[in-house]
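What follows is the residue order along each chain.
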Amino acid sequence: MNVGGKPYRTIWLNGDGWSVDIIDQTLLPHRFETVTLRNLSDAAHAIRSMQVRGAPLIGVTAAYGLCLALREDASDAGIDRACETLRNQPKDKLAGIAYRRAAEMADDDVAICKAIGGHGLRIIQALAAKKPAGHPVNILTHCNAGWLATVDWGTATAPIYAAHGQGIPLHVWVDETRPRNQGASLTAWELNGHGVPHTVIADNVGGHLMQHGQVDMCIVGTDRTTASGDVANKIGTYLKALAARDNGVPFYVGLPSPTIDWRIADGIREIPIEQRSGEELSQVTGRMSSGEIATVTITPEGSPVANYAFDVTPAALVTGLITERGVAKASREGLAALFPERAGRAG
Ligand code: MRU
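About the cut-offs
- Residues numbered from 1 in each chain as written.
- Predicted model: local features only at pLDDT ≥ 70, side-chain atom pairs only at ≥ 80, totals over all residues.
- Heavy atoms only, no water.
- Axes fitted to C-alpha atoms, helices over the stretch in contact; angles between N-to-C directions.
- Helix = DSSP H or I, 4+ residues; strand = E, 2+ residues; numbered from the N terminus.
- Parallel < 35°, antiparallel > 145°, perpendicular 65-115°, else oblique.
- Left-handed = near helix turned anticlockwise from the far one by under 90°.
- Contact = heavy atoms within 4.5 Å.
- Nonpolar A, V, L, I, M, F, W, Y, C, P; charged D, E, K, R; others polar.
- Pairing = 2+ DSSP bridges.
- Salt bridge = Lys/Arg side-chain N within 4 Å of Asp/Glu carboxyl O.
- Buried < 20%, exposed > 50% of the residue type's maximum accessible area, 1.4 Å probe, protein only.
- Near = heavy atom within 4 Å.
- Polar contact = N/O pair within 3.5 Å; in protein donor to acceptor, adjacent residues only side chain to side chain.
- Areas by Shrake-Rupley, 256 points an atom, 1.4 Å probe, with all protein chains shown as cover.

1. Some words on the packing of helix 1 (residues 40-48) against helix 2 (residues 55-72)
Here is step 1 of the chain: It is the contact of helix 1 with helix 2, at a shortest axis distance of 8 Å, that shows an interaxial angle of 165°. Regarding the angle of helix 1 to helix 2, the classification is roughly antiparallel. Of the two possible hands of crossing, helix 1 and helix 2 adopt the one that is left-handed. Touching Leu40, Ala43 and Ile47 of helix 1 are Ile58, Thr61, Ala62, Gly65, Leu66, Leu68 and Ala69, all from helix 2.
Here is step 2 of the chain: Tallied by class, residues from the contact of helix 1 with helix 2 come to eight nonpolar, two polar and no charged.

2. What to know about unusual backbone geometry
Here is step 1 of the chain: Omega for the bond connecting Leu28 with Pro29 falls within 30 degrees of zero, at 5°, which places this linkage in the cis form.
Here is step 2 of the chain: As for its position among the elements, Pro29 is in the loop between strand 4 (20-23) and strand 5 (34-37).
Here is step 3 of the chain: With an omega dihedral of 10°, the bond running from Arg178 to Pro179 counts as a cis peptide bond.
Here is step 4 of the chain: Positionally, Pro179 belongs in the loop between strand 7 (170-175) and helix 6 (182-193).
Here is step 5 of the chain: One non-glycine residue with positive phi stands out, namely Cys143, at about 60°.
Here is step 6 of the chain: Within the secondary structure, Cys143 sits in the loop between strand 6 (137-141) and helix 5 (157-165).

3. Examining the sheet that holds strand 10 (residues 224-226)
Here is step 1 of the chain: Overall, mixed pairing links the four strands, which are arranged 13-10-11-16 in an open sheet. Strands at the two margins of the open sheet, each flanked by one partner only, are strand 13 (260-261) and strand 16 (310-313).
Here is step 2 of the chain: Judged from the two bridges that link them, strand 10 and strand 11 (residues 231-234) form a sheet pairing that is antiparallel. Across the sheet, Arg224 pairs through a bridge with Ala232, a residue of strand 11.

4. A closer look at the pattern of salt bridges
Here is step 1 of the chain: Counted according to the given criterion, the structure contains twelve salt bridges.
Here is step 2 of the chain: Residue Arg263 is joined to Asp261 by a salt bridge in which the shortest nitrogen-to-oxygen separation is 2.8 Å.
Here is step 3 of the chain: Of the residues examined, Arg263 reaches a relative accessible area of 69% and is grouped as exposed.
Here is step 4 of the chain: For Arg276, the salt bridge is made with Glu280, and the minimal N-O distance between the two is 2.7 Å.

5. Comments concerning the site of the ligand
Here is step 1 of the chain: In the vicinity of the ligand there are 18 residues, among which Arg53, Gln182, Asp223, Asn233 and Lys234 approach most closely.
Here is step 2 of the chain: In this structure, Gln182 approaches the ligand through a side-chain N or O atom, which is 2.9 Å from an oxygen atom.
Here is step 3 of the chain: Residue Asn233 places a side-chain N or O atom 2.6 Å away from an oxygen atom belonging to the ligand.
Here is step 4 of the chain: Here the ligand has 410 Å² of accessible area as a free molecule, and 98% of this is covered by the chains.
Here is step 5 of the chain: Going through the elements one at a time, helix 2 and strand 11 are the ones with two or more residues in the shell around the ligand.
Here is step 6 of the chain: Its residues assigned to classes, the shell around the ligand comprises seven nonpolar, eight polar and three charged.

6. Side note on the sheet that holds strand 17 (residues 320-323)
Here is step 1 of the chain: The seven strands lie next to each other as 8-7-6-9-12-17-18, forming an open sheet whose pairing is mixed. Each of the sheet's edge strands pairs with one partner strand only, and the pair in question is strand 8 (198-201) and strand 18 (326-328). Between one strand axis and the next, the sheet turns through 25° on average, direction left out of account.
Here is step 2 of the chain: Against the sheet, helix 4 (residues 94-129) makes contact with strand 6, strand 7, strand 9 (217-220), strand 12 (251-254), strand 17 and strand 18, and its axis sits at roughly 135° relative to strand 17, the strand it touches most.
Here is step 3 of the chain: Docked against the sheet, helix 8 (residues 237-247) engages strand 6, strand 7, strand 9 and strand 12, running at close to 145° with respect to strand 12.

7. Re the environment of Thr259
Here is step 1 of the chain: Tracing the backbone through its elements, the reader meets Thr259 in the loop between strand 12 and strand 13.
Here is step 2 of the chain: On the basis of relative accessible area, Thr259 is assigned to the buried category, the value being 12%.
Here is step 3 of the chain: Separated by 28 residues in the primary sequence, Thr259 and Val231 have C-alpha atoms spaced 9.8 Å apart.
Here is step 4 of the chain: Residues within four places of Thr259 in sequence aside, it is in contact with Ala55, Thr222, Asp223, Arg224 and Thr225.

8. Focus on the pairing of strand 4
Here is step 1 of the chain: Of the two faces of strand 4, the one lined by Val20 and Ile22 and the one lined by Asp21 and Ile23 are each fully buried.
Here is step 2 of the chain: The sheet contact formed by strand 3 (residues 11-13) and strand 4 spans three bridges and is antiparallel. The residue of strand 4 that forms the bridge with Ile11 is Ile22.
Here is step 3 of the chain: What sits between the antiparallel neighbours strand 3 and strand 4 is a turn of six residues, in which Gly17 has the positive phi angle 85°.
Here is step 4 of the chain: Bridge analysis of strand 4 against strand 5 gives four bridges, and the strand direction is antiparallel. Considered in strand 5, the bridge of Ile22 is made with Val35.

All we've got here are geometric facts, nothing functional implied.
So, in structure tokens, the structure goes:
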């Protein structure tokens, strides 16, 4: 996608052929800076500190982290264990093989997201056809499953960018997405940069908007999806799906097939939910009127906080899973029909 008119991916190999650049997402929307990853610990730090985030981008960053590690020590036993596919390759070829694989993963992700955009576009076109002329399709999204969370295009946002590119009038309700505010800081920044009409709302507003007919559809991303279509995504996704069901609003999930975990079926029981540092909740970072970026505490000293990072939306609340192969019903049968070779392999 574009930043200031210049095309960017979220991660790219530098001209030196080995170091890797990323966009530091912790500084957005206030500063746009890139960071160079030169070794495995740079890559690990980028993931841990959330300079990169979003399921697909984390995966590609990890793949490049492995490349950087192999450049330095191709004989490391731990790396061998982690990378079954690399095990039997000649040691002096490992780094090259890993770089090629990381680049393939990055390109695959871009192709997957573009395809999700094409399939989701048809859903938005159908909704637009039912609206009075000139009235925008109102889409609610949660967190950032945008191009910043992938290598390019995004998953939830790919249909939005595709529809916007086709001139379909649309408007996006952007959940702020506490505690880290990825909606307010990242999704809004992206949509702003691409001229997509949008409004940032507090996380609790969506249900009210749905009750008043101001949301035509929801689209969110997913970090992990079970073989039966349960969706783990940013905390608060489940509540949006409940409100959508209560109000007859279609609730779609942009789903790159690599995020389907064919080994599990019951998302609520089988997906462990990460609890992140309480400081993400008790503190807020933003730009002061002086222009300085500051972090302030918003809870009383001594009040305990709990910071659950993700939740699971049961398949029954999901209208459809927009995959790179088409829109699947959120069920074992729906996913298996689109991915028979994968569903079969998992048994
Ligand atoms: O904690 P984050 O910012 O990594 O959370 C991101 C999300 O929850 C996204 O919706 C998900 O990773 C899908 S990204 C295509």
